[in-house]
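# A structural walkthrough
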Amino acid sequence: MMRLAAHLAKGCMATRVGAALGASGSPWRHMSTHCHPRFRTGGSVSALCGSHSTTSTTTRPTTRTTTTASTTAHHHPLIDLSPLEGPAPTTAVDRTARDAVVAEMRAALQHRGYFYAKTTAFSSSYIQSIYHFASACHALPADVKARFHPAYSGPDIAKPELAYGAGAVSTVRAWDYSRTKFTQASPTSTEPTGATVVDNRYPTEDVLRPSYTHVLDELYSKQNLLAEMLLVGIAEMLSLPSTTLSDMCHGPDGRGDFGTIRLLHYPGSPDLTTAERAVANVGIAPHTDFEAFTLMHQDAPGLQFIPAGETEWIDAPVRPGEFVVIVGDVLERLTNGVLRATPHRVKLTEHTRNSIIRFNALHPDAIVAPLPAFVSDDRPAAYTPVTMRNHMETTIRNLEKGIPAWDNERNVSRTATYVY
């Protein structure tokens, strides 16, 4: 995982959650992770696949098997977010529609850990333009890409993805972009000594046109619009004040989140070098994302999830018109385990696969710890406090030291529950 390396190289309290979401007593005791036998079809959400059943559980499984189930045996919730777009509702009909979407988000994220989001934030032509730009980025010669490490990483420049789990050798190539510790105002920065240095973190226009920073910063802004909507919706679905999470994202200085875009390319097995084929065992290894939630778009199959409360890997269908919203470590820690970070991986495939990723984090200085609404005598805090920055940097440093983010023996994430 090289997505935070660029950061490292460059140097609201909630109200008590209403009982509507939980059982008696502490509202978050005994929250079942059993999947709804059928997601609502009368509102904005629908099941994309056939019927499914699973064993109910109130806690995260301590061990997961490594079997894979057919996609057709599972539900993949699809939610139309249009009632959340635009200004606050002013009519009873609008409020009812918004409340229905919020309830559907709660059902999907609690019982599955992800959903497919239908939104007007991105046109299909715009998404295709990003894939076209990503192709141009990945087509650059290896010696050129090597100049921009760690913004670029991949086995073709001998800088592969860090291993999430012991023995993982990934084929993924990644171009990363983040606003953190980087200003768009000027391609130069002034050091404390007064010396002016050129920031060559990303490709310049003499290497790649249109401008790398222009294209990806525009994408970042568009993703922020969707992320803001989701942050408000997630807060409301948890019966928190609506700005709880967005305030933690923006921070008191308004600098925004510790987020990252990744343009990922997975060559098909026939396109790997002989040396790569000899050692590669995964497209990207099992893990949970370290941030609050992820927006993911893919152009071909290969992604797999372990849904909340389940033990099998399932295939994630390709939905050209939607992004997948995936719960990350930070939401698990903030909700004291009410939401669970969703394990996922990408298989080796014969075909080429590409994806557009946005990791949505909190402000670097935000404290990631169970919010008071999710802590009680019956449900004490199960996660230690840490800043967003420290959580990210510790995770990356651990990976660099060979400390895995994934437990291969128990088939569970180490990062979501890491003790600081």
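Quick caveat, the model's predicted, so the values are computed rather than measured.

### Notes on the overall build of the protein
Scanning the protein for helices and strands turns up 9 helices and 20 strands. For the protein, the proportion of its 420 residues judged to be buried stands at 56%. Carbon and sulfur atoms provide 55% of the accessible area of the protein, an area that totals close to 16,800 Å².

### Structural notes on the packing of aromatic side chains
According to the stated counting rule, one finds 13 aromatic pairs in the structure shown. Here the aromatic rings of phenylalanine 122 and phenylalanine 323 are separated by 4.8 Å at their centres, their planes lie at 35 degrees, and the arrangement is tilted. Linking phenylalanine 122 in the loop between β4 (114–118) and α3 (124–138) with phenylalanine 323 in strand β14 (residues 323–327), this pair joins segments that are 201 residues apart in sequence. An identical accessibility class is assigned to phenylalanine 122 and phenylalanine 323; each is buried. Relative to tyrosine 212, the ring of phenylalanine 133 lies with its centre 6.2 Å away and its plane at 45 degrees, an arrangement referred to as tilted.

### As for the environment of isoleucine 234
Its location among the elements puts isoleucine 234 in helix α5 (residues 212–237). Judged by its relative accessible area of 1%, isoleucine 234 is buried. Along the chain, isoleucine 234 and leucine 109 lie 125 residues apart, while their C-alpha atoms are 9.1 Å from each other. Not counting the four nearest positions on each side in its chain, isoleucine 234 is found in contact with Met105, Leu109, Leu245, Phe293 and Leu331.

### Concerning the pattern of salt bridges
In the structure shown here, the tally under the stated rule is 18 salt bridges. A salt bridge links glutamate 236 to arginine 98; its shortest N-O distance comes to 3.1 Å. One end of the pair, glutamate 236, is in helix α5; the other, arginine 98, is in helix α2 (residues 92–111), and 138 residues separate them in sequence. Among the residues examined, glutamate 236 registers a relative accessible area of 26% and is labelled partly exposed. When the shortest N-O distance is used, the salt bridge between aspartate 217 and arginine 179 registers 2.7 Å. Here arginine 179 lies in the loop between β6 (173–177) and β7 (188–190) and aspartate 217 lies in helix α5, a separation of 38 residues in the sequence. When its relative accessible area of 16% is taken as the criterion, aspartate 217 is described as buried. Of the residues examined, arginine 179 reaches a relative accessible area of 27% and is grouped as partly exposed.

### With respect to the confidence of the model for the protein
Of all residues in the protein, 78% have pLDDT values of 70 or greater, and the mean over the chain is 83. Below a pLDDT of 50 lies the segment residues 6–73, which in the model reaches 181 contacts outside its immediate sequence neighbourhood of four places, other chains included. Contacts for the low-pLDDT stretch residues 182–198, under 50 throughout, to residues beyond four places or in other chains number 19 contacts.

### Description of the side chain of glutamine 304
Assignment of secondary structure puts glutamine 304 in strand β12 (residues 303–305). Of note is the side chain of glutamine 304, whose polar atom sits 2.7 Å from the side chain of arginine 345.

### Considerations on the nonpolar core
Within soluble globular proteins, side chains that are nonpolar generally end up buried alongside one another. By size, the foremost hydrophobic cluster in this structure holds 99 residues, and its most contacted members are Leu81, Met105, Phe115 and Phe293. Here the element with the most residues in this core is α5; it accounts for 13 residues.

### A word on the packing of α2 against α5
One can describe the packing of α2 onto α5 by two numbers: an axis separation of 9 Å at closest approach and a directional angle of 80 degrees. When the axes of α2 and α5 are compared, the pair comes out roughly perpendicular. For the pair α2 and α5, contact is made by Arg98, Val102, Met105, Arg106 and Leu109 and by Leu230, Val232, Gly233, Ile234, Glu236 and Met237, respectively. Looking at the contact of α2 with α5 residue by residue, the classes come out as 7 nonpolar, 1 polar and 3 charged.

### Quick notes on α2
The terminal C-alpha atoms of α2, which comprises 20 residues, lie 28 Å apart, in line with the 28 Å expected from a rise of 1.5 Å per residue. Those residues of α2 that fall on the buried side of the exposure criterion are Arg98, Val101, Val102, Ala103, Glu104, Met105, Ala107, Ala108, Leu109, Gln110 and His111. The first or second residue beyond α2 is glycine 113, which carries a positive phi of 90 degrees.

### Considerations on the packing of α3 against α5
The contact between α3 and α5 brings their axes to 12 Å, and the two run at 145 degrees. With respect to the hand of their crossing, α3 and α5 are arranged in left-handed fashion. Listed contacts from α5 to Tyr126, Ile130, Phe133 and Cys137 of α3 are Tyr212, Val215, Leu216, Glu218, Leu219 and Lys222.

### Structural notes on α3
Spanning 15 residues, α3 covers 21 Å between terminal C-alpha atoms, matching the ideal 21 Å at 1.5 Å per step. Along α3, the residues that are buried comprise Tyr126, Ile127, Ile130, Tyr131, Phe133, Ala134, Cys137 and His138. What you see down the axis of α3 is that its buried residues fit within an arc of 160 degrees, all on one side. Exposed positions of α3 whose direction lies more than 90 degrees from the buried face are Ser124, Ser125 and His132.

### Some remarks on unusual backbone geometry
Cis rather than trans, the peptide bond between histidine 149 and proline 150 has omega equal to 15 degrees. Its location among the elements puts proline 150 in the loop between α4 (142–146) and β5 (152–153). That bond from arginine 209 to proline 210 is cis: its omega, 0 degrees, falls within 30 degrees of zero. With respect to the secondary-structure elements, proline 210 resides in the loop between β8 (196–198) and α5. One non-glycine residue, serine 239, lies in positive phi territory at about 60 degrees. Note that serine 239 resides in the loop between α5 and α6 (244–250). Classification of serine 239 as partly exposed rests on a relative accessible area of 29%.

Criteria and thresholds
Throughout, a residue's number is its position along its own chain's written sequence, starting from 1. Whole-chain, interface and lining totals are the exception, using all residues; otherwise, since this is a predicted model, local features are given only for residues with pLDDT of at least 70 and side-chain atom pairs are given and counted only at 80 or more. Note that water and hydrogens are dropped before the side-chain values are worked out from all heavy atoms of the structure. Under the DSSP-based scheme used, a helix requires at least four consecutive residues in state H or I and a strand at least two consecutive residues in state E, with every element numbered from the N terminus. Burial status follows relative accessibility: with a 1.4 Å probe on protein chains alone, a residue under 20% of its type maximum counts as buried, one over 50% as exposed, and anything between as partly exposed. Each accessible area is a Shrake-Rupley result for a 1.4 Å probe, and residues are judged covered by the shown protein chains and nothing else. Centres within 6.5 Å are what make two rings of Phe, Tyr or Trp a pair, Trp counting through its six-membered ring; a difference in plane orientation under 30 degrees is then read as stacked, over 60 as edge-to-face, and the rest as tilted. Whether two residues touch is decided by their heavy atoms; if any such pair falls within 4.5 Å, the residues are in contact. Take a side-chain nitrogen of Lys or Arg and a carboxyl oxygen of Asp or Glu: if they are within 4 Å of each other, that pair is a salt bridge. Known as pLDDT, the predictor's per-residue confidence is scaled from 0 to 100. Polar contacts, as counted here, are pairs of nitrogen or oxygen atoms within 3.5 Å of one another; within protein the pair requires one atom able to donate a hydrogen and one able to accept it, and residues that are adjacent in sequence qualify only if both atoms are side-chain atoms. Only buried Ala, Val, Leu, Ile, Met, Phe, Trp, Tyr and Cys residues count toward a nonpolar core, and they belong to the same one when joined by side-chain atoms within 4.5 Å. All axes are obtained by fitting lines to C-alpha atoms, using only the stretch in contact for helices, and the reported angles, taken between N-to-C directions, cover 0 to 180 degrees. Orientation labels follow simple angle bins: below 35 degrees gives roughly parallel, above 145 gives roughly antiparallel, 65 to 115 gives roughly perpendicular, and whatever is left gives oblique. Charged means Asp, Glu, Lys or Arg here, nonpolar means Ala, Val, Leu, Ile, Met, Phe, Trp, Tyr, Cys or Pro, and polar covers whatever is left, Gly included. Expected span of a helix, by definition, is 1.5 Å for each gap between consecutive residues, and there is one gap fewer than residues. With the far helix as reference, a near helix turned anticlockwise by less than a right angle produces a left-handed crossing, and one turned clockwise produces a right-handed crossing. In this context, the arc is that of the directions from the helix axis out to the C-beta atoms.

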